[in-house]
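# Residue-level structure breakdown
As a plain string of letters, each chain reads:
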Amino acid sequence: DELNNNHAVVCFSKGDAIIKQGTFSTNVAFLRKGLVKLHLEGPHHEQIVRLVKAPSYLGLPTTFGDKINQYSVTSVAHSEVCFIDINVFKKIISENQNFAYEIILDLCKNELESFRRCANRTQKQNRGNIASFLLELSNDIFESDEFSLPLSQSEIGNLVDTTRESVSRILTEFDSDNLISLKGKSIKILNKSSLELISKNG
């Protein structure tokens with residue numbers, strides 16, 4: 001009841017900024033529907049960190065850290081976000097042990113996932129990273145072997161630390177090898193076991 005009485009729901013279209021790096025954090029953001037990308041400004045260029053699908057909290061480490069958003073969140077599909085009053089959220093955490101425990105679990109899961117992604121990016125070759133990205137979309141994001149790429153090829157390259165040309169070439173190779181069917185941004189995974197081998201072996 002407290003959360004229902006102390007939040008606002010805002011709808012975002014594809015490309016809309018939900019959280020901006022460098023701004024003051026005054027609310028807890030909960031992604032109720034949709035898909036977003038987390039990205040930050042590095043010393044030389046913007047870096048896409050990961051995709052996040054609903055339901056999920058956005059920016060909790062920043063909200064409870066130094067109060068300044070350390071990264072940006074942008075909608076990559078129509079999304080609905082609940083902005084919750086931070087003082088109400090903190091009050092519920094202090095009074096509800098089970099709720100606090102679930103928040104800690106969520107933060108721990110995200111930190112471990114960040115470590116895994118960092119290791120994969122630096123140790124896998126481009127084919128392995130692209131295969132891992134397609135499997136993530138299939139297994140975790142869309143939960144289907146048929147989907148439309150939510151990012152441009154340039155953004156995919158940014159996410160897996162390679163060039164747009166390499167992304168285009170590898171997707172074309174996967175299509176030629178009958179691992180996927182590629183039509184514009186539409187993808188159908190035809191041979192998931194082979195993609196998993198490429199992902200695993202890098």
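These notes cover the structure that comes with them. (Residues numbered from 1 in each chain as written. Predicted model: local features only at pLDDT ≥ 70, side-chain atom pairs only at ≥ 80, totals over all residues. Heavy atoms only, no water.)

## Details of the overall build of the chain
- When helices and strands are counted, the chain shows eight helices and eleven strands.
- A compact globule built from 202 residues would reach a C-alpha radius of gyration of about 17 Å, and the chain, at 18 Å, matches this within 12%.
- Expressed along its principal axes, the backbone C-alpha trace of the chain runs to roughly 55 × 35 × 30 Å.
- Nonlocal contacts in the chain, meaning residues at least 24 apart in sequence, comprise 69% of its contacts between residues at least 6 apart.
- When the accessible area of the chain is evaluated, it comes to approximately 11000 Å², of which 50% is carbon and sulfur surface.
- Within the chain, the 25 negative side-chain charges are centred at a point lying 3 Å from the centre of the 23 positive side-chain charges. (Helix = DSSP H or I, 4+ residues; strand = E, 2+ residues; numbered from the N terminus. Rg over C-alpha atoms; globule rule 2.2 N^0.38 Å. Contact = heavy atoms within 4.5 Å. Areas by Shrake-Rupley, 256 points an atom, 1.4 Å probe, with all protein chains shown as cover. Lys, Arg positive; Asp, Glu negative; His and termini not counted. Charge placed at Lys NZ, Arg CZ, Asp CG, Glu CD.)

## Here's the deal with the sheet that holds strand β7 (residues 72-75)
- The four strands are arranged β2-β7-β4-β5 in an open sheet whose pairing can be described as antiparallel. Looking at which strands have only one partner, the edges of the open sheet turn out to be β2 (17-19) and β5 (46-53). Going from strand to strand, the sheet's axes swing by 30 degrees on average, the running direction of each strand aside.
- With four bridges connecting them, strand β4 (residues 35-41) and β7 associate as antiparallel partners. Pairing of L38 across the sheet is with V73, part of β7. (Pairing = 2+ DSSP bridges. Axes fitted to C-alpha atoms, helices over the stretch in contact; angles between N-to-C directions.)

## Describing the packing of helix α3 (residues 86-95) against helix α4 (residues 97-123)
- One can describe the packing of α3 onto α4 by two numbers: an axis separation of 5 Å at closest approach and a directional angle of 110 degrees. Considering their axes alone, α3 and α4 lie roughly perpendicular with respect to each other. On α4, the residues that touch F89, I92, I93 and E95 of α3 are Q97, F99, A100 and I103.
- Split by residue class, the contact of α3 with α4 holds six nonpolar, one polar and one charged. (Parallel < 35°, antiparallel > 145°, perpendicular 65-115°, else oblique. Nonpolar A, V, L, I, M, F, W, Y, C, P; charged D, E, K, R; others polar.)

## Things to note about the nonpolar core
- Formed by 27 residues in total, the largest nonpolar core has its most connected members in I130, F133, L134, L149, F174 and I180.
- The greatest single-element share of this core, amounting to seven residues, is contributed by helix α5 (residues 126-141).
- In contact with F133, other than residues within four places in its own chain, are L51, L149, L151, I156, L159 and V160.
- By size, the runner-up hydrophobic cluster in this structure holds 14 residues, among which are F12, I19, V36 and V81. (Core = buried A, V, L, I, M, F, W, Y, C linked by side-chain atoms within 4.5 Å. Buried < 20%, exposed > 50% of the residue type's maximum accessible area, 1.4 Å probe, protein only.)

## Observations concerning the side chain of Q47
- By the element assignment, Q47 lies in strand β5.
- Overall, the relative accessible area of 16% leaves Q47 in the buried class.
- Engagement of the side chain of Q47 in a polar contact is seen with the backbone oxygen of N158, the distance being 2.7 Å. (Polar contact = N/O pair within 3.5 Å; in protein donor to acceptor, adjacent residues only side chain to side chain.)

## Examining the packing of α5 against helix α8 (residues 192-201)
- At a closest axis distance of 8 Å, the pairing of α5 and α8 adopts a crossing angle of 130 degrees. Looking at the two axes, α5 sits oblique to α8. When the axes of α5 and α8 are compared, the crossing they make is left-handed. Between α5 and α8, the residues in contact are R127, G128, A131, S132, L135, S138 and N139 and K192, L195, E196, I198 and S199, respectively.
- Residues that form the contact of α5 with α8 fall into these classes: four nonpolar, five polar and three charged. (Left-handed = near helix turned anticlockwise from the far one by under 90°.)

## Re the sheet that holds strand β9 (residues 146-148)
- Strand order in the open sheet formed by three strands is β9-β11-β10, and the pairing between neighbours is antiparallel. Every other strand in the sheet has two partners, leaving β9 and β10 (180-183) as the edge strands with one partner each. Adjacent strand axes in the sheet meet at a mean angle of 15 degrees when their direction is disregarded.
- Here β9 pairs with strand β11 (residues 186-189) via three bridges, running antiparallel. Considered in β11, the bridge of F147 is made with I187.
- The sheet strands contacting helix α7 (residues 164-176) are β10 and β11, and the helix crosses β10 at an angle near 125 degrees.

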